[in-house]
Amino acid sequence: MTATRSTRFPGEVAAPGKGGIGESPLRPDGTLKVKGEFAYSSDLWMDGMLWGTTLRSPHPRARILGMDITAAVAMDGVHAVLTHEDVPGRKVYGLDHTWDQPVLAIGEVRHQGEPIALVAADHPEIARRAAAAIEIDWEVLEPITDPVAVVDDPENLKVQERGGIARHQPVRVGDLAVGRALAEVVVSGKYDVGIQDQAFLGPESGLVVPAEDGGLDFYVATQWMHNDLSQIGPCLRLPDEKIRMTLAGVGGAFGGREDLSMQIHAGMLAMYTGKPVKMVYNREESFFGHVHRHPAQMWYEFGATRAGALTFAKVKIVLDGGAYTSATLNVTGNASSLAVGPYEFPHLEIDAYGVYTNNPPCGAMRGFGAVQACFAHESMMDKLADALGMDPVRVRQLNVVSQGSRLATGQVLHAPTPLREMLGQLRAMPLPEPLDATDIRNLPGGASQTTHGEGVVRGVGYGIGIKNICFSEGFDDYSTARVRLEVVAGEAVALVHTAAAEVGQGLVTVEAQIARTELGIERVTIHPADNGVGDSGSSSASRQTYMTGGAVKTACEAVRARVLDLAAAQGHHGASNLVGGKVVSPTGEVLAAIVDVLDEGVVEETRIYQHKPTTGMDPVTGQGNSHTQLAVCVHRAVVDVDTELGLVKVVALDAVQDVGKIMNRLSLEGQIHGGSVQGLGLAVMEEIQVTNGKVRNPSFTDYLIPTILDTPTQTLEILENADPHAPYGLRGAGEPPTLSSTPAIVSAIRHACRAAGGSGDLTRAPVRPGDIISSC
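Residues numbered from 1 in each chain as written. Predicted model: local features only at pLDDT ≥ 70, side-chain atom pairs only at ≥ 80, totals over all residues. Heavy atoms only, no water.

Outline the pairing of strand 26 (residues 629–642), listing residues and values.
Counting buried residues along strand 26, 14 of its 14 residues qualify, which places the element largely inside the surrounding structure. Pairing of strand 18 (residues 456–469) with strand 26 involves 14 bridges; the strand directions are antiparallel. Residue pairing across strands places R458 opposite D640, the latter belonging to strand 26. Relative to strand 27 (residues 647–658), strand 26 runs antiparallel, the two sharing ten bridges. Among the inter-strand pairings, H635 is bridged to a residue of strand 27, identified as A655. In textbook terms, the turn of a hairpin is the stretch between consecutive antiparallel strands, and for strand 26 and strand 27 this stretch comprises four residues, one of which, G646, has a positive phi near 75°. (Buried < 20%, exposed > 50% of the residue type's maximum accessible area, 1.4 Å probe, protein only. Helix = DSSP H or I, 4+ residues; strand = E, 2+ residues; numbered from the N terminus. Pairing = 2+ DSSP bridges.)

This is the structure we're talking about:
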C-alpha cells in the first residue's frame, strides 16, 4: 500500500515526464482551455449556416388545444418552423431504450421547458422572435409534484398511462424482527436531498451539416455518441451509415449530456432546410434542456448493540424522476443496492422508488443514486454514534466492509477495501490551525463583514462513500479501440482511435499514456472521437479509464504481438517486448528498431474490452452480483460556522481514496479535488428551487456553485490497492469523492452547532442558513 500527500503550492507545475502509465504528462487541451483558445461546440461556425432555436413550455402540465405558426413562418429570415407533425420518423426517444420522451410535444406537455416547436433562421435573434410569435391555446392542468403521494397511492395519481412509479426495487436480507430483537439502541431519521444541477459551463450546442448522400454530419457535445446515434436515427428515419458523428469540444458534463438535447432538433432543421444548422442554448434554456440530480426523500432506521455492532436497517427512499424515465431505473437500482453504504447489516429491509411527476426531469449526475443514499446513511451513523456515546469514527470502523464482505445485495467484495485503515489515516492527518480572525476573508461571510469572529464555532465531521464503477445489473458494457502503428518520417508513431468522449476528465491523456507504455514508443496521436469506430460506451460511471483504457491496452497488446511476430520472422529470435522504440529480448538486449521491423509498413488492430459479467437485482430480494467494481473514499471536513447568521466556511476538506493504480497523478488529484468541491456545493449552496413544478432559479445568478473562494485546502492520501479484475488494477476515481464530501461537511456543521449548545439536527442537503440558526 502506498500513499501520497498532495498539497500543491501556487505556481507549482508537475513535470511532464516521459508520458507513460504512472507519470503525469500535461493535458494536450489544458493550455488551450486556460488561454481561452480551445474550440468548444458553441464555437462551431460554417458559412451559410442557419441558427436554430426551441420553443418551450411555460407550464409544467398542460394540454395543447391549438397552435398557430403563421406569424413565425411569415417573418423575414425564417427558413423553417417545425412541430411534432414534421418529425420524419419515430416521434419519441429515450435513454436506455425507454422511448417515452416526445421529440416535440404531442398534444400535451409534462414539465416546464418541454420542447414544442423549432425555428431555423438567418440570425439567432430572428429565430428567437419567431419562436415567441408562435401562438398556443393552452388548457393548463394541475401538476403532480409530490412523489411521496405517488408512492403512497400510485393508482390514483398517474403522470403517464403506465403509472406513477417507474421502478420499485426492494432489498431483503435476514429477518427484520430478529434484527430489532437484537438491537439495544435504535435511531431513526428522515433525510432530504434537493435537486442539484450538473452546472457545466459549456451550454448544450452543436452543428449539423447536410451531406451529399442525404445523410447528416453531427458535431456535438455529448457523453455517448453511439447511444445518441441509436435514438437519432429512428427519429430522423436515417440509417446509421447516413449519420456521421464527431465529438465537438465539451465544456463539462457530469451526467448532464447522457440524454439528448439539441441533436434531433438540429437534425430535423438541417434536413428540412438543406442547410447547416447551429444551436446554442443560453444559460436559462440549459437549465430546462438537461436532466438534473434526483431529489430524494429518505426514511432510515438503524439498530445496534451497546457495543456498536449494527443489527438491522429499515430504509425507504423516494427519488423524484420528473416527467420522463431517463436514467431513473438505474439510479433507483443504485440507490437501493447502496442504501446502507459500506456497512455490514445482518438484517435489512430496503425499498427504493423512482417516481414520475411533473417536476423537472432528472437523470444521470456524478454519483448516480449513491450520493443521496450516502448523505442519509452517514447522517445515521453520526446519529447512532451520539446515541451510543461512541466516537463517530470508531462506530464506523466497527461496521465497515472489507475484502470478502458482503454488500446489502449479497455481492462479495473481491478487491482490497481497507476502510478501517483509511479512516485511521484520515483521523491522523493534522487538523488546520484556527484561522486568523483579523483577516475577514477567513471568516464565514468573508468580505461582506457579517462577523469579526463573534459567534463563530468550529466543527469537524467525517463521511464515507462507496460507489459502483462501470455499468451494472447485467448491462452489456464494453468499449472498442483501434490502434495503428506505422512509420512516419523515420519514427514509429501510434494512432489511437476510439469513440470515447473527452468531457474534461483527461481521457485523451490517459489513452496516450497507455499506448506509450504498451508499445514502448513516444509519439502517440489521439484520433478525434467519432462513430467511425465501434462503441466505447458512455463517459460516465467513472468507467472510461477502466473500459476504454482496457480496450486501448488490449489493442496495443495485439499490435505489439504482431510486431514481435514480424521481428521473429525477420530473424530477430527471442523478441519479447517493445521498449524505447526498440525490439528487445527478455534480458533487455536490443534486437532491432521498431521502424526497421515495420519497414514503412502498418500494423493495425481493433479490440473490444468487456469487464466481468454482472447480474440484475432480484426483483423481490434485491440480491445479485449487480456491480462490476466498488470504489471508496473517506472525507474529513473542518468548518467554521457563524451560529447567529447561519453562514459556513469550509476550512479543510481532506480525503483518503483508494484508486487501485495511479495512472496520472496530476489528473487524479484534479478529479478528487473537483468531486469534493461538487459535494461541497450540494452540502451548503446548490439547489434548483421548484414551486408547483416551476423552476425559480434557472441562472448562475440564483443557482449558486462554489468558486475558488469557497474551495478549502485539501490534503489527499491516495492508496494503490490493486483490483485483480481491472486493467492495471485501477479503480474508477471520479465519483467517490462526490459522495463522502457532502455528509462530512454537514456532519461538521452539526458538530459546530452542538458545540454552540444547539441540537445540531440537520437533515437536509443543502443546509440553509435558517436550518443552522434553528439547530444552533
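Account for the sheet that holds strand 31 (residues 764–765), naming residues and giving values.
Overall, mixed pairing links the six strands, which are arranged 9-17-16-15-10-31 in an open sheet. Each of the sheet's edge strands pairs with one partner strand only, and the pair in question is strand 9 (165–173) and strand 31. Inspection of the sheet shows strand 9 paired to strand 17 (residues 348–356) by eight bridges, in the antiparallel sense. By the bridge assignment, H168 is partnered in strand 17 with Y353.

Quick rundown of the packing of aromatic side chains? Include the residues and the values.
Under the defined criterion, the tally for this structure stands at eleven aromatic pairs. Relative to F700, the ring of F287 lies with its centre 5.8 Å away and its plane at 80°, an arrangement referred to as edge-to-face. With a gap of 413 residues between them, F287 in helix 8 (residues 283–289) and F700 in the loop between strand 29 (694–695) and strand 30 (716–719) connect regions that are remote in the sequence. Judged by relative accessible area, which is 28%, F700 ranks as partly exposed. Within the aromatic cluster, the residues linked to one another by ring pairs are W224, F471 and F475. The residue whose ring lies beneath R56 is Y281, and the NZ or CZ to ring-centre distance is 5.0 Å. Looking at R257, its charged tip hangs above the ring of F200, at a distance of 4.0 Å from the centre. (Phe/Tyr/Trp six-rings, centres within 6.5 Å; stacked < 30°, edge-to-face > 60°. Lys NZ or Arg CZ within 6 Å of the ring centre and 35° of its normal.)

Break down the environment of R167 for me, citing the residues and quoting the values.
Checked against the element boundaries, R167 lands in strand 9. Overall, R167 belongs to the buried group, its relative accessible area being 16%. Each C-alpha atom, one on R167 and one on G674, is 31 Å from the other, the two residues being 507 residues apart in sequence. When residues no more than four places from it in sequence are discounted, the contact partners of R167 are L329, N330, T332, G333, A352, Y353, G354, E473 and M617. (Contact = heavy atoms within 4.5 Å.)

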